[in-house]
Amino acid sequence: MKQYDLVIVGGGPAGLAAAVAARDAGIRDILIIERDGRLGGILNQCIHNGFGLHTFQEELTGPEYAHRFIEQVQERGIEYKLNTMVMEIRKDKTVVAMNGDEGMFVIQAKAVILAMGCRERSRGALNLPGYRPAGIYSAGTAQRLVNMEGQMPGKRVVILGSGDIGLIMARRMTLEGAKVEVVAELMPYSGGLKRNIVQCLEDFHIPLKLSHTVVKIEGRKRVEAVTIAKVGPDRRPIPGTEERYECDTLLLSCGLIPENELSKGAGVELSGITGGPVVNDALETSVEGIFACGNVLHVHDLVDFVSGEAAKAGEYAARYIQKGDKREGRSILLRPMEGVRYTVPTFIRPQEMPEEVTVRFRVADVYRDCAVVTYAGDRQISRRRKKILAPGEMEQVVLKKEDLMEEGIEDITIRIEREA
């Protein structure tokens, strides 16, 4: 059995940033396990710019952003295995993995960081009606085909869902000569960033139809046409509102799901809202010594936030390896209320937390002229006015240690309140 101080599962932006931070915090024996043939994760197919503005104060493409962290990993001599699949993670932090050169092998780690990222919601999960013709792709699959393999999925395209990948692919397909007929979104608001709606749809005169969904797919061998219809408040199609678009391709961009099969196998408690692990302020899961960060924890809108969160996970994992677990102190529950869907982290330990902890969350609807208000028990500790809040934009509040040291605080509430 091989032994390492820290095993990081996933060599994407989260895993790379966590490894660098752990090494800089004094951990020398680190292994990154990546199932792909190269480090960088999903960033390798994201050839558009817009990355790195927070982390490097300059605009980079996805591969450029990944390369910055790959260089840092290599400069520090951090070990990594490519083309290696993790089969199981156990509660005692034993990791079972396999690859073509070594076969199946077992690693004993002192700490594990989960950084497996997320996957796209499939057609099966969406219950779309119709046959199974060629020409139906997830937006991420289409992105890989175009950007990495030089293959065009089709020439006339309908996109279901307005997540960021779908918006970006609407622009990408247009630039490659395809005609994007329409982007349909089930919800009454877009699931993507406002800047992507402007730069990817409005700048190219691609229509976005909110509160619409696909009700019919025509074609047996290849997609021939797609019919969309308006939906009511119950999200059911409204008869008489159908619109038919002749096309040869349907792209699905209907949300991302944290990749947590390995987490379940390790006994990690998962959130019913995010699908990711429940963590405390140190990004430690319910299983001692197993940490989580990036899109495996909750789906982020910016990779810069992924890297920042992952760096914290690396630092906390290093502290755990060096000093052991710190769970004996008081723990305060964060309660998302009235418009706040979830919070990451879920628990705060006032005695062990740093001077400040950033809590990230998403809202459940579009809110205008409102405030994000935080209460420690019944006492208001922060209030931040916002002109607009939208589900596609991740929000945050900063908790200060000095506000939480008072005995008797049992929970922290974050809620949306209307401004007078």
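Up top you'll find the structure we're talking about.
In this text, all values refer to a predicted model and were calculated from it rather than measured experimentally. (Residues numbered from 1 in each chain as written. Predicted model: local features only at pLDDT ≥ 70, side-chain atom pairs only at ≥ 80, totals over all residues. Heavy atoms only, no water.)

> Looking at this structure, I do not really get the environment of Gly255. What am I missing?
Along the polypeptide, Gly255 turns up in the loop between strand S15 (249-252) and strand S16 (256-258). Residues Gly255 and Asp164, 91 residues apart in the sequence, show an inter-C-alpha distance of 9.1 Å. Excluding its chain neighbours within four sequence positions, the residues that come into contact with Gly255 are Arg119, Glu120 and Arg121. (Helix = DSSP H or I, 4+ residues; strand = E, 2+ residues; numbered from the N terminus. Contact = heavy atoms within 4.5 Å.)

> Quick question: what am I supposed to make of the pairing of S15 here?
Put simply, side chains in a regular strand alternate between the two faces of the sheet. Side-chain alternation along S15 places Thr249 and Leu251 on one buried face and Leu250 and Leu252 on a second face that is also buried. Looking at chain direction, strand S8 (residues 136-138) and S15 are connected through three bridges and run parallel. Residue Ser138 lies in a different strand from S15, and its bridge partner there is Leu252. Relative to S15, strand S9 (residues 156-160) runs parallel, the two being bridged by four bridges. Bridge pairing links Leu160 to Leu252 in S15. (Buried < 20%, exposed > 50% of the residue type's maximum accessible area, 1.4 Å probe, protein only. Pairing = 2+ DSSP bridges.)

> Could you clarify how one ought to interpret the packing of helix H1 (residues 13-24) against helix H2 (residues 62-75) in this entry?
When two helices pack together, their arrangement is given by the angle between the helix axes and the distance between those axes. Where H1 contacts H2, the axes come no closer than 9 Å and their chain directions differ by 35°. Crossing hand, H1 versus H2: left-handed. Contacts between H1 and H2 involve Leu16, Ala17 and Val20 from the former and Ala66, Phe69, Ile70, Gln72 and Val73 from the latter. Considered class by class, the residues forming the contact of H1 with H2 number seven nonpolar, one polar and no charged. (Axes fitted to C-alpha atoms, helices over the stretch in contact; angles between N-to-C directions. Left-handed = near helix turned anticlockwise from the far one by under 90°. Nonpolar A, V, L, I, M, F, W, Y, C, P; charged D, E, K, R; others polar.)

> How do you make sense of the pattern of salt bridges when you look at a structure like this?
It is possible for side chains bearing opposite charge to pair when their charged atoms get close. One pass over the full model with this rule turns up 27 salt bridges. One salt bridge connects Glu218 with Arg244, and the closest N-O pair in it is separated by 2.8 Å. One end of the pair, Glu218, is in strand S12 (residues 212-218); the other, Arg244, is in strand S14 (residues 243-246), with 26 residues separating them in the sequence. Note on Glu218: relative accessible area 18%, which makes it buried. One salt bridge connects Glu419 with Arg383, and the closest N-O pair in it is separated by 2.9 Å. Pair noted here: Glu419 is in the segment after strand S24 (411-418) and Arg383 is in strand S22 (residues 379-389), with a separation of 36 residues, a long-range link. In this structure Glu419 comes out as partly exposed when scored by relative accessible area, which is 22%. (Salt bridge = Lys/Arg side-chain N within 4 Å of Asp/Glu carboxyl O.)

> Looking at this model, I keep getting lost on the packing of aromatic side chains. Mind explaining?
The relative placement of two aromatic rings is captured by the distance of their centres and the angle of their planes. Summed over all chains, the structure comprises four aromatic pairs. For the ring pair Tyr65 and Phe69, a centre distance of 5.5 Å and an interplane angle of 45° mean the geometry is tilted. In this pair, Tyr65 and Phe69 are both assigned in helix H2, four residues apart and thus about one turn of the helix distant. Site record: aromatic cluster; members linked through ring pairs are Phe56, Tyr65 and Phe69. Lying over the aromatic face of Phe105, Lys2 brings its terminal NZ or CZ to 4.7 Å of the ring centre. Its end group placed over the ring of Phe56, Arg68 keeps NZ or CZ at 5.0 Å from the ring centre. (Phe/Tyr/Trp six-rings, centres within 6.5 Å; stacked < 30°, edge-to-face > 60°. Lys NZ or Arg CZ within 6 Å of the ring centre and 35° of its normal.)

> Got a minute to help me understand the sheet that holds S14 in this structure?
Paired through backbone hydrogen bonds, the strands of a sheet run either parallel or antiparallel to each other. The strand order across the open sheet formed by three strands is S12-S13-S14, and the pairing between neighbours is antiparallel. Only two strands of the sheet have a single partner each, and these edge strands are S12 and S14. Averaged over all adjacent pairs, the angle separating strand axes in this sheet is 25°, with direction ignored. Pairing of strand S13 (residues 225-230) with S14 involves four bridges; the strand directions are antiparallel. Its bridge partner lying in S14, Ile228 is registered against Glu243.

Function cannot be inferred from these measures alone, as they are strictly geometric.
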